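As a plain string of letters, each chain reads:
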Amino acid sequence: MMTLGLDILLLTVDRDLRMVRDRENVGYAMMAADLIELTVARRVQVVGRWTDWLQVIDARPAGEPLLDAALASLGAQLAAGKRLSPVDWMVKQPGRGAVDEGLALLQAQGAVGLYPRRVTSRLTLTEPVLLDQARQAGIRGRLDRFVAAGSAADVLDWALAGLVHACRLWIPGHVDRAADRRYKDAARGERGKDGTDPVEASIRILMQCAGSAHNRDP
């Protein structure tokens, strides 16, 4: 089980500090990533002229349990006849829950180890210890691949770079100002802007919505 959302989570695990950097924003990025992959799979799209709304265009399972769960939840909410904006979807989902559930899955895959650390008599934190450094390096390599490919980049590499910028994610051991400018271009540049490709247009909107989610109260 490997999704863009889990890649984002593993990417932000700091092996030295034993923590997920920018945890809340990582949760929003993970939820946006699920919608983006469902968009690429032609299950979901963003519609609307002045206001952006989520729409399920194909309710059939995509074959990935995490994505199918998100699709089923989205479909159930829309079945009630309500419109749902991407930001509302991200804010109403449990951001910390997305991270905690993702860490549990990464632990099951052997990518991280989870260890409790008692802070006070009433507070115990769970520290993620990075175990699969090669897998994390491979995800960082996707960012390098995006920078090298430019406008010809794979659509999910583009989305990964855009979400890193839009959600202001800190990537441990990967500080590069020139690359940061390319990530900004991924989120705010021309790709998907003219709307001729509905998939890329939806992804562009979803990246922007992920960046706005932290400013909204649930």
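See the structure shown above.
Residues numbered from 1 in each chain as written. Predicted model: local features only at pLDDT ≥ 70, side-chain atom pairs only at ≥ 80, totals over all residues. Heavy atoms only, no water.

1. Structural notes on the packing of helix α1 (residues 4-11) against helix α6 (residues 133-149)
Alright, step 1. Taken N-terminus to C-terminus, the directions of α1 and α6 make an angle of 105°; their axes are 9 Å apart at the nearest point. What the angle tells us is that α1 and α6 run roughly perpendicular. In this structure, α1 uses Leu4, Asp7, Leu10 and Leu11 to contact α6, whose residues at the interface are Arg135, Gln136, Ile139, Arg140, Arg142 and Leu143.
Alright, step 2. The residue inventory of the contact of α1 with α6, partitioned by class, reads five nonpolar, one polar and four charged. (Axes fitted to C-alpha atoms, helices over the stretch in contact; angles between N-to-C directions. Helix = DSSP H or I, 4+ residues; strand = E, 2+ residues; numbered from the N terminus. Parallel < 35°, antiparallel > 145°, perpendicular 65-115°, else oblique. Contact = heavy atoms within 4.5 Å. Nonpolar A, V, L, I, M, F, W, Y, C, P; charged D, E, K, R; others polar.)

2. Quick look at the environment of Leu106
Alright, step 1. Tracing the backbone through its elements, the reader meets Leu106 in helix α5 (residues 95-108).
Alright, step 2. With a relative accessible area of 0%, Leu106 lands in the buried category.
Alright, step 3. C-alpha of Leu106 to C-alpha of Leu9: the two residues are 97 residues apart in sequence and 8.9 Å apart in space.
Alright, step 4. Leaving out residues up to four positions away in the same chain, Leu106 has contacts with Leu6, Leu9, Leu10, Ala111, Val112 and Arg135. (Buried < 20%, exposed > 50% of the residue type's maximum accessible area, 1.4 Å probe, protein only.)

3. Considerations on helix α3 (residues 65-79)
Alright, step 1. Taking 1.5 Å as the rise per residue, α3 with 15 residues should run 21 Å; its terminal C-alpha atoms sit 21 Å apart, in good agreement.
Alright, step 2. Among the residues of α3, those classed as buried are Leu67, Asp68, Ala70, Leu71, Leu74 and Leu78. All buried residues of α3 project into a common sector of 160° when viewed along the axis, lining one side. Those residues of α3 that are exposed and angled more than 90 degrees off the buried face are Ala76 and Ala79.
Alright, step 3. Packing partners of the buried residues in α3 comprise α2 (23-40), β3 (44-47), β4 (53-56) and α4 (86-92). (Expected span 1.5 Å × (residues − 1). Arc of directions from axis to C-beta.)

4. With respect to the packing of aromatic side chains
Each aromatic ring pair is described using two quantities: the centre-to-centre distance and the angle formed by the ring planes.
Alright, step 1. All chains considered together, the criterion is met by zero aromatic pairs.
Alright, step 2. Above the face of the Phe146 ring, Arg182 is positioned so that its terminal group lies 5.8 Å from the ring centre. (Phe/Tyr/Trp six-rings, centres within 6.5 Å; stacked < 30°, edge-to-face > 60°. Lys NZ or Arg CZ within 6 Å of the ring centre and 35° of its normal.)

5. Comments concerning the pattern of salt bridges
Alright, step 1. Inspection of every chain in the model, using the stated rule, returns ten salt bridges.
Alright, step 2. Arg60 serves as the salt-bridge partner of Asp58, at 2.7 Å between the closest nitrogen and oxygen.
Alright, step 3. A residue is classified by how much of its surface remains accessible, and Arg60, at 54% relative accessible area, is exposed.
Alright, step 4. The partner of Arg142 in a salt bridge is Asp157, and the shortest N-O contact between them spans 2.8 Å. (Salt bridge = Lys/Arg side-chain N within 4 Å of Asp/Glu carboxyl O.)

6. A closer look at unusual backbone geometry
Glycine aside, a negative phi is what most residues show, and trans is what most peptide bonds show.
Alright, step 1. Located in the positive-phi region is Asp22, a residue other than glycine, with phi close to 55°.
Alright, step 2. Topologically, Asp22 is positioned in the loop between β2 (19-20) and α2.
Alright, step 3. A positive phi angle is found at Arg168, which is not glycine, with a value near 55°.

7. Some points on the side chain of Asp7
Alright, step 1. Summarising the element assignment, Asp7 is placed in helix α1.
Alright, step 2. Ignoring anything within four residues of it in the chain, the contact list for Asp7 reads Met2, Arg135, Ile139 and Arg142.

8. A short note on the state of the cysteines
Alright, step 1. Counted under the stated rule, the structure contains zero disulfides.
Alright, step 2. Unpaired in this structure, Cys209 has its nearest cysteine sulfur neighbour in Cys167, at a distance of 11 Å.
Alright, step 3. By relative accessible area, Cys209 is classed as buried at 9%. (Disulfide = S-S within 2.5 Å.)

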